Amino acid sequence: MAQLEVHYNTRSVIRISYDAFTRLVAILRGRGLLRDNQYSFVEEQVAKFLHFLSGQGRVRSESFFFRRSTETISRHFHKVLRALITLQDQFLVQPNGSTVSPQILNSGGRFYPYFKNCIGAIDGTYIRVKAACTFDLKFTYVLPEWVGSASDSRILDNALSREDNLNAPQGKFYLANAGYMLRSTFLTPYRSTRYHLKEYSRHPPENPKELFNLRHSSLRNAIERAFGVLKNRFPILAEMSRYDVETVSEIVLACCILHNFLVDFDLDEEIIAQVDRDLMNNEPDHGLANGAIARGEDGRRGEILRDSIAAQMWNDYITRH
C-alpha cells in the first residue's frame, strides 16, 4: 500500500483520505473482522473494496489493477462487505432523543424551540432505499430492500413494525415529506401550501402554514444532503443492476456505515458544497400536491402538534418583523 500512501490524492483512488483509510483498517483489524494472510494484508483487502465502491472497476478490471485473480477479488469484496456490516452497531445508531441537535439549538431562532423534540429527517429519493438521518448528515436507520412502486406510507408502516424497527422515542418526532402519513412521530408539511425553498426565496411566507413549510423544508433538507453526499462518495450506488437483491441491500448498508464513519473522520467539504449547489439548482419534487391525508387518533395528534408549532413560530415571526 506504499503507492496509496504517497498518492497525491487518495480520494481519487479509494474516495477517502489516507488517514481515514488507516483508521478504518485499524478498526476492522482490531475487532478481528479482517485478518492478514500470507497473500494479502488487510490494507489491500479494504483498498480493493473501496476502489470497487468508487465505481472505477468491476471484477475483471480490479483483477488487472491489483494483479489478483478474479476469484480473489470477488472473495475479498464479499469478505470486507460482511465485515463492514457488522459495524452497524457502532456507526448506525438511532437517536435516543436525550439531547437537542446542535443544528436546531444553534439556529438563531429559526428552528429552536419549535423543533426541539425533532430527532431527524426521513426519506428515500436518490436511491432505492428509505432512511432516516440526523441533522449532521449521519444515517440512523436504513431500509434498503424495498424496490418498485410501494408507497412511502406502506414502507414506513413496515419499518415501524419490523423487529429492527425505526424508533421514535416518546415525545420525539421525525420530519417526513408529503408522501408519508402525518403522525405524532412523523410530521409532514401542510398540503396545498408552498414548500420548496426556491419559492420562498422570491416571496416570503405569508401565514403560519407557509412559515412552517419553509422551515420544515430547510431542516428536512438534511436527508437530501445526506443522500447526495452518499451517492457522490460511492458512485457504485448508481450501477447496482448487475447485483442480486441481497447484495444490493448489503452494499447500500455498507455504504451508509462508511458514510457515517467518514462524517466523523473525513468530512469532505467539497462534496457537501457540490451537493448543496446541485440541490439548490435542482430541488427535488416532494410530491406535496398528492400528499397523504392524516387518519386516525395518532394522525389527529400529529395535526395538533403541527398546528401548535406553526402558531408559535408565526407569532414569534410577526413579532420580530
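You'll find the structure just up there.
Residues numbered from 1 in each chain as written. Predicted model: local features only at pLDDT ≥ 70, side-chain atom pairs only at ≥ 80, totals over all residues. Heavy atoms only, no water.

Quick look at the overall build of the protein chain
The helix and strand inventory of the protein chain stands at 14 helices and 5 strands. The burial tally for the protein chain puts 51% of its 321 residues in the buried class. In the structure as shown, the protein chain presents an accessible area of about 15700 Å², 48% of it carried by carbon and sulfur atoms. (Helix = DSSP H or I, 4+ residues; strand = E, 2+ residues; numbered from the N terminus. Buried < 20%, exposed > 50% of the residue type's maximum accessible area, 1.4 Å probe, protein only. Areas by Shrake-Rupley, 256 points an atom, 1.4 Å probe, with all protein chains shown as cover.)

Remarks on the packing of helix 4 (residues 42-53) against helix 12 (residues 245-265)
The N-to-C vectors of helix 4 and helix 12 enclose an angle of 105 degrees; their axes lie 12 Å apart at closest approach. The angle between helix 4 and helix 12 places the two elements in the roughly perpendicular class. When helix 4 is examined against helix 12, the residues Phe-49, Leu-50 and Leu-53 are found in contact with a partner set consisting of Ile-251, Ala-254, Cys-255 and Leu-258. (Axes fitted to C-alpha atoms, helices over the stretch in contact; angles between N-to-C directions. Parallel < 35°, antiparallel > 145°, perpendicular 65-115°, else oblique. Contact = heavy atoms within 4.5 Å.)

Some thoughts on the pattern of salt bridges
Summed over all chains, the structure comprises 11 salt bridges. Put simply, Asp-264 and Lys-138 hold a salt bridge, and the shortest N to O gap is 2.7 Å. Taken together, the residues Asp-264 in helix 12 and Lys-138 in the loop between strand 2 (130-133) and strand 3 (139-143) connect sequence positions 126 residues apart. Overall, Asp-264 belongs to the partly exposed group, its relative accessible area being 42%. Note that Glu-297 and Arg-300 form a salt bridge whose closest N and O atoms lie 3.1 Å from each other. Of this pair, Glu-297 and Arg-300 are both found in helix 14 (residues 296-320), 3 residues apart, which corresponds to roughly one turn of the helix. (Salt bridge = Lys/Arg side-chain N within 4 Å of Asp/Glu carboxyl O.)

So, helix 6 (residues 70-85)
An ideal rise of 1.5 Å per residue puts 22 Å on 16 residues; helix 6 measures up with 23 Å between its terminal C-alpha atoms. Turning to helix 6, its buried residues number three or more, namely Thr-72, Ile-73, His-76, Phe-77, Val-80, Leu-81, Ala-83, Leu-84 and Ile-85. (Expected span 1.5 Å × (residues − 1).)

Considerations on helix 3 (residues 18-30)
Here helix 3 spans 18 Å end to end across 13 residues, near enough to the 18 Å set by a 1.5 Å rise per residue. Those residues of helix 3 lying buried are Ala-20, Phe-21, Leu-24, Val-25, Ile-27 and Leu-28. With its buried residues spanning 160 degrees around the axis, helix 3 presents them on a single face. When the buried face of helix 3 is taken as reference, the exposed residues oriented beyond 90 degrees from it are Asp-19 and Gly-30. Taken from the residues just after helix 3, Gly-32 is the one with a positive phi, measuring 70 degrees. (Arc of directions from axis to C-beta.)

Here we look at unusual backbone geometry
The step from Tyr-112 to Pro-113 runs through a cis peptide bond, and the omega angle for that step is 10 degrees. Within the fold, Pro-113 resides in the loop between helix 8 (102-105) and strand 1 (118-123). A positive phi angle is found at Leu-137, which is not glycine, with a value near 75 degrees. A positive phi angle is found at Ser-192, which is not glycine, with a value near 55 degrees. Examined against the element boundaries, Ser-192 turns out to sit in the loop between strand 5 (186-187) and helix 10 (197-202).

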